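# Structural characterization, general
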Amino acid sequence: TSFDIVKIIRKITNESKVGHGGTLDPFADGVLIIAIGRNSTKKINQFINSNKEYIATLKLGSETDTLDLNGKITKSKKIPKISKEYINDILLEFLGNIDQKTPMYSARKISGIRLYKYARKNMVIPTPLNKITIFKLNLISFENNKLIKFNVKCSKGTYIRQLAYDISKKLGTTGHLINLTRTKVGNFCLEDSIKISDFKKQWNALKN
C-alpha cells in the first residue's frame, strides 16, 4: 500500500515526519509523491489536490467485488461485438464534470467507518457521489473484443476502478481493472520518478 512505502521511507531516512501525496490502490503502480521532514509534509496537501493521469486496462465480461483484479468475481456477462469507434463514442460521454459513485471497497468514511470495512462484512450501504472532472479520456488499444487500454487525466477524488466499471456498463456488459499505472501527479511525471530501491541507494550516498 501507499502507507507501506511511507513506512519504508521512514526506516531508510530515520525521519518520523513522512507523508505521501495521494493514495495509490494496492494493485496499482506509478507516481507516488513522498514528503520527508516537517517542512515538506506541511506542503503535501497541494499535491493531494493536484490533477492526476493514469494508464489503465479494463477487462470486459467479468465483475469483481473490488472492481479490480484483487477481488472475487461476482458476475459474468456476455460481451457484445464492440468496435473501437463505439468505444471512443462512449468515452466522450465521460468527459467534463460528472458525479461518480464511491466504490464500496474504498477508504471513504461513512459514519466514521471506512467503506471497505462495511464491504468486508458484506454490508451494502448507500455511498456518496463525488463531483469529479475528467479532462482527457483516450483509447490506447482494444484487443480480442475484451481488453480496453486507455489513458485518463482527472481531478482529485476520481476512482479509476469505478470509471472503468461505468465504461463497461455503458458498453452493455461488465468489467474490472486488471492494470493501473499513475503516470503523473501535477507536474511530477513517471519518467522522473525513482524506484524505492534506487531511493535507498541515493539516500545512503547523500549521507556518505
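In the block above lies the structure referred to throughout.
What comes next concerns the included structure. (Residues numbered from 1 in each chain as written. Predicted model: local features only at pLDDT ≥ 70, side-chain atom pairs only at ≥ 80, totals over all residues. Heavy atoms only, no water.)

## Description of the pairing of strand 11 (residues 147-154)
In the sheet, strand 4 (residues 52-60) pairs with strand 11 via 8 bridges, with the strands oriented antiparallel. Bridge pairing in strand 11 places K59 opposite L147. (Pairing = 2+ DSSP bridges. Helix = DSSP H or I, 4+ residues; strand = E, 2+ residues; numbered from the N terminus.)

## Observations regarding the state of the cysteines
Under the definition given, this model contains 0 disulfides. With no disulfide partner, C154 has as its closest neighbouring cysteine sulfur the one in C189, 15 Å distant. Judged by its relative accessible area of 1%, C154 is buried. (Disulfide = S-S within 2.5 Å. Buried < 20%, exposed > 50% of the residue type's maximum accessible area, 1.4 Å probe, protein only.)

## Side note on a positive patch on the surface
Among the surface-exposed residues, K109, R114, K117, R120 and K121 lie close enough to one another that they form a single positively charged patch. By the element assignment, K117 lies in helix 5 (residues 115-120). (Patch = residues over 30% accessible without salt bridge, like charges linked within 9 Å, V, L, I, M, F, W, Y side chains within 5 Å. Areas by Shrake-Rupley, 256 points an atom, 1.4 Å probe, with all protein chains shown as cover. Salt bridge = Lys/Arg side-chain N within 4 Å of Asp/Glu carboxyl O. Lys, Arg positive; Asp, Glu negative; His and termini not counted. Charge placed at Lys NZ, Arg CZ, Asp CG, Glu CD.)

## Topic: helix 1 (residues 2-13)
Over its 12 residues, helix 1 runs 17 Å from end to end, which matches the ideal 16 Å to within 8%, given 1.5 Å per residue. Listed in full, the buried residues belonging to helix 1 are S2, V6, I9, I12 and T13. Here the buried residues of helix 1 occupy an arc of 125° about the axis, which is enough to place them on one side. In the core, the buried residues of helix 1 are packed alongside strand 1 (18-20), strand 3 (34-36) and helix 7 (196-207). (Expected span 1.5 Å × (residues − 1). Arc of directions from axis to C-beta. Contact = heavy atoms within 4.5 Å.)

## Here we look at the side chain of T158
Relative to the assigned elements, T158 resides in the loop between strand 11 and helix 6 (160-170). Here S155 takes part through its backbone oxygen, which lies 2.9 Å from a polar atom of the side chain of T158. With residues up to four places along the chain from it excluded, the contact list for T158 reads Q100, I132, T133 and I134. (Polar contact = N/O pair within 3.5 Å; in protein donor to acceptor, adjacent residues only side chain to side chain.)

## Quick word on the nonpolar core
Side chains of nonpolar character tend, in soluble globular proteins, to be buried together. Counting 29 residues, the largest nonpolar core has L137, F150, V152, I160 and I167 as its most contacted members. Mapped onto this core, the elements with two or more residues apiece are strand 4, helix 4 (84-92), strand 10 (129-143), strand 11, helix 6 and strand 12 (175-185). Apart from residues lying up to four places away in sequence, I167 is in contact with L58, I90, L91, F94, L137 and F150. Counting residues in each nonpolar core, the second largest holds 6 residues, with V31, I33, A35 and V185 among its members. (Core = buried A, V, L, I, M, F, W, Y, C linked by side-chain atoms within 4.5 Å.)

## Some words on the packing of aromatic side chains
Within this structure, the stated rule accounts for 2 aromatic pairs. Where F47 meets F188, the ring centres are 5.4 Å apart and the plane angle is 85°; that geometry is what we call edge-to-face. With F47 in helix 3 (residues 45-48) and F188 in strand 13 (residues 188-189), this residue pair connects regions lying 141 residues apart in the sequence. Since its relative accessible area comes to 41%, F188 is described here as partly exposed. (Phe/Tyr/Trp six-rings, centres within 6.5 Å; stacked < 30°, edge-to-face > 60°.)

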